[in-house]
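Close look at the chain arrangement
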Amino acid sequence: MSARKTQVTTLEFPDNKLLRALGGPHAKHFARLEQKLNVSIDSRGNLLAIEGAGRERAGSILRALYLRLVAGESVTLAEVDAELRFTDAGRVQGPGAIKTAASRAVKPRSPAQSAYLDMMREHPLTFGIGPAGTGKTYLAAAFAAHMLHEKRVDRVILSRPALEAGERLGFLPGDLKEKIDPYLRPLYDALFDVLGDVAGRLIEQGVIEVAPLAFMRGRTLSRAFVILDEAQNTTQAQIKMVLTRLGEDSHMVVTGDPSQSDLPGGKALGLNEALAFLEGVEGVGVTRFGEKDVVRHPLVARIVAAYNAHGKS
């Protein structure tokens with residue numbers, strides 16, 4: 001009996017209602033930990049008995065998630081997966097949230113995302129490089145909103161090249177704004193997600209500007225947070241033009257996936273050249289994401305891995 005006890009970790013939680021939320025609907029949060037850590041979790045009243053080789057890690061994750069619930073935060077499978085990523089990297093739990101608005105906050109969900117936030121804090125120019133679903137654009141928008149909330153910048157400018165895949169802008173209906181809006185929609189989506197309805201008001205006031213790449217020429221951007229998204233579709237001249245717009249007290253984040261370029265030949269010429277020239281330059285930070293950092297549906301990570309295994313983009 002004593003030998004068996006050494007293989008079980010027992011946790012006690014004072015609030016049964018929060019304990020039910022910790023388990024999730026149909027205890028699917030516990031099931032995810034059982035699957036990933038090869039443990040069994042048995043709930044008895046306000047106690048959890050965890051058995052298996054990964055019991056200490058499972059216990060640390062459950063304690064961290066319970067503290068989120070005590071603080072009034074929600075816990076979903078995404079948060080469970082995030083804690084799994086952080087503990088896999090040797091951390092007990094992830095870093096604190098960044099405030100993006102009075103009632104909103106965003107937390108990184110992987111060690112790479114945490115490093116990405118640190119890069120943005122420490123460098124005027126940051127590159128976020130990696131596959132779809134790793135949060136490059138979303139976290140850049142979140143950090144821009146955070147800087148605006150903290151009054152460390154006066155405006156946010158988001159841009160991306162309006163490069164069509166098999167279409168021409170002139171063939172699309174509507175005025176210029178209506179033509180380019182489909183290309184800028186991911187930026188709008190990220191902004192509204194991290195800011196809520198206030199994003200619309202800030203866009204109307206010009207505090208947040210969403211513009212195609214061509215509109216950046218000739219400008220000097222001071223006290224601004226600039227995001228260049230989908231940079232794998234920029235030419236050498238275009239990305240140099242944007243990078244040299246950086247003005248006093250400004251920050252810039254460049255995001256892209258070199259394997260997904262729509263330029264002729266499928267080569268991310270501008271982005272690859274910028275990385276080759278600037279990586280290691282003082283004031284420039286680079287965060288590289290991999291397939292393990294995908295934070296969308298778990299299937300997305302497996303899709304990326306499958307294509308990488310076959311050497312295709």
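Numbering of residues starts from 1 in each chain and follows the order in which that chain's sequence is written. Side-chain atom pairs in this predicted model are given and counted only at pLDDT of 80 or more, local residue features only at pLDDT of at least 70, and totals for whole chains, interfaces and linings cover all residues. The side-chain quantities take in all heavy atoms of the structure and omit both hydrogens and water.

**Quick notes on unusual backbone geometry**
Leaving glycine out, the prevailing phi sign among residues is negative, and the prevailing peptide bond configuration is trans. Phi at Lys151 takes a positive value of approximately 60°, unusual for a residue other than glycine. In this text, helices come from DSSP runs of H or I with a minimum length of four residues, and strands from runs of E with a minimum of two, each type numbered from the N-terminal end. Examined against the element boundaries, Lys151 turns out to sit in the loop between helix 7 (136–149) and strand 7 (155–160). At Asp249, a residue that is not glycine, the phi angle is positive and equals roughly 60°. Mapped onto the secondary structure, Asp249 falls in the loop between helix 10 (236–243) and strand 10 (251–256).

**Some words on the pattern of salt bridges**
Any Lys or Arg side-chain nitrogen located within 4 Å of an Asp or Glu carboxyl oxygen qualifies as a salt bridge. As enumerated under the stated definition, the model contains eight salt bridges in all. Here Asp81 makes a salt bridge to Arg32, at a shortest N to O gap of 2.7 Å. Within this pair, whereas Asp81 is found in helix 5 (residues 77–88), its partner Arg32 is found in helix 3 (residues 28–37), the two being separated by 49 residues in sequence. Owing to a relative accessible area of 17%, Arg32 belongs among the buried residues under this scheme. Across the salt bridge formed by Arg121 and Asp118, the nearest N and O atoms sit 2.8 Å from each other. On the criterion of helical spacing, the pair formed by Arg121 and Asp118 is a turn pair, its members being three residues apart in helix 6 (residues 111–122). Exposure is judged per residue with a 1.4 Å probe applied to protein chains only, and the accessible area is read against the type maximum: over 50% gives exposed, under 20% gives buried, and values in between give partly exposed. With a relative accessible area of 40%, Arg121 lands in the partly exposed category. The class of Asp118 is partly exposed, set by a relative accessible area of 33%.

**What about the layout of surface pockets?**
A 1.4 Å probe that fits into a set of points on a 1 Å grid over the protein atoms alone but cannot get out defines a cavity; an open set with protein on both sides within 12 Å along at least five of seven lines defines a pocket, and lining residues are those with an atom within 4 Å of a point. Grid points are joined across faces, edges and corners, and a volume is the space filled by probe spheres set on the points. Empty space within the largest pocket amounts to approximately 1000 Å³. Considering the residues around the largest pocket, the lining is formed by 39 residues, among which Gly135, Thr137, Tyr138, Leu139 and Val295 are closest to the centre. Elements with a minimum of two residues in the lining of the largest pocket: helix 5, strand 5 (104–106), helix 7, helix 8 (176–195) and strand 10. Here the lining of the largest pocket takes five residues from helix 8, the largest share from any one element. Classifying every residue of the lining of the largest pocket by side-chain character gives 12 nonpolar, 13 polar and 14 charged. Each residue is assigned to one of three groups, with Ala, Val, Leu, Ile, Met, Phe, Trp, Tyr, Cys and Pro labelled nonpolar, Asp, Glu, Lys and Arg labelled charged, and all others, Gly among them, labelled polar.

**Concerning the sheet that holds strand 6 (residues 125–129)**
Backbone-to-backbone hydrogen bonds pair the strands of a sheet. The strands run either parallel or antiparallel. Pairs of strands are assigned from DSSP output, requiring at least two bridges between the strands. Ordered by their spatial adjacency, six strands build an open sheet running 8-7-9-10-6-11, and the pairing between neighbours is parallel. Each end of this open sheet is capped by a strand with a single partner; those strands are strand 8 (208–212) and strand 11 (284–288). On average, adjacent strands in this sheet sit at an angle of 15° to one another, irrespective of strand direction. Relative to the sheet, helix 11 (residues 269–278) contacts strand 6, strand 10 and strand 11, its axis offset from that of strand 6 by approximately 125°. In this description, a line fitted to the C-alpha atoms serves as the axis of each element, helices being fitted only across the stretch in contact, and the angle between N-to-C directions of two axes falls anywhere from 0 to 180 degrees. Throughout, a contact is declared for two residues whenever any of their heavy atoms are within 4.5 Å.

**What to know about the confidence of the model for the protein**
The pLDDT score gives, residue by residue, the confidence of the prediction method on a 0 to 100 scale. Chain-level pLDDT for the protein is 82 on average; 85% of the residues reach the 70-or-more range. The lowest-confidence element of the protein is helix 1 (residues 2–5), averaging 43 in pLDDT; the highest-confidence one is strand 10, averaging 96. Contacts for the low-pLDDT stretch residues 1–5, under 50 throughout, to residues beyond four places or in other chains number one contact. Across residues 164–169, where pLDDT falls below 50, the model places seven contacts with residues more than four positions away in sequence or in other chains.

**Comments concerning the sheet that holds strand 3 (residues 47–51)**
Pairing in this open sheet of three strands is antiparallel, and the strands run 1-3-2 from one edge to the other. The outermost strands of the open sheet, each flanked by one partner alone, are strand 1 (8–12) and strand 2 (40–44). Geometrically, the sheet is characterised by an average inter-axis angle of 20° between neighbouring strands, direction not taken into account. Note that strand 2 and strand 3 share five bridges and pair antiparallel.

**Here's the deal with the nonpolar core**
Definition of nonpolar core: a set of buried residues of the types Ala, Val, Leu, Ile, Met, Phe, Trp, Tyr and Cys, connected through side-chain atoms within 4.5 Å. Ranked by internal contacts, the top residues of the largest apolar core, which has 35 residues, are Met120, Leu158, Leu195, Ile208, Val210 and Phe225. Secondary-structure elements contributing two or more residues to this core are strand 4 (98–101), helix 6, helix 7, strand 7, helix 8, helix 9 (198–205), strand 8 and strand 9 (224–228). Per-element tally for this core: the top contributor is helix 7, with nine residues. In this view, Ile208 contacts Leu148, Val156, Leu158, Leu191, Leu195, Leu202 and Ile203; residues no more than four positions away in its chain are not counted. Counting 23 residues, the second-largest nonpolar core is a separate cluster that includes Leu125, Phe127, Leu243 and Val284.

**Looking at the environment of Arg55**
Tracing the chain through its elements places Arg55 in helix 4 (residues 55–70). Residue classification places Arg55 among the buried residues on the basis of a relative accessible area of 15%. Taking the C-alpha atoms as reference points, Arg55 and Ile41, separated by 14 residues in sequence, lie 8.8 Å from one another. At 3.0 Å, the side chain of Arg55 forms a polar contact with the backbone oxygen of Gly52. We define a polar contact as two N or O atoms separated by no more than 3.5 Å, with the added condition that, inside protein, one atom must be a possible hydrogen donor and the other a possible acceptor, whereas residues neighbouring each other in sequence contribute only through side-chain atom pairs.

**Digging into the packing of helix 10 against helix 11**
One can describe the packing of helix 10 onto helix 11 by two numbers: an axis separation of 7 Å at closest approach and a directional angle of 55°. For the element pair helix 10 / helix 11, the angle class is oblique. Our pair here, helix 10 against helix 11, has a crossing hand that is right-handed. Residues Gln236, Ile239 and Leu243 of helix 10 form the contact with helix 11, whose participating residues are Leu269, Gly270, Leu271, Glu273, Ala274 and Leu278. Angles are sorted into four bins: roughly parallel if under 35 degrees, roughly antiparallel if over 145, roughly perpendicular if 65 to 115, and oblique for all others. By the definition used in this description, the sense in which the near helix is turned from the far one sets the handedness, with an anticlockwise turn below a right angle giving left-handed and a clockwise turn giving right-handed.

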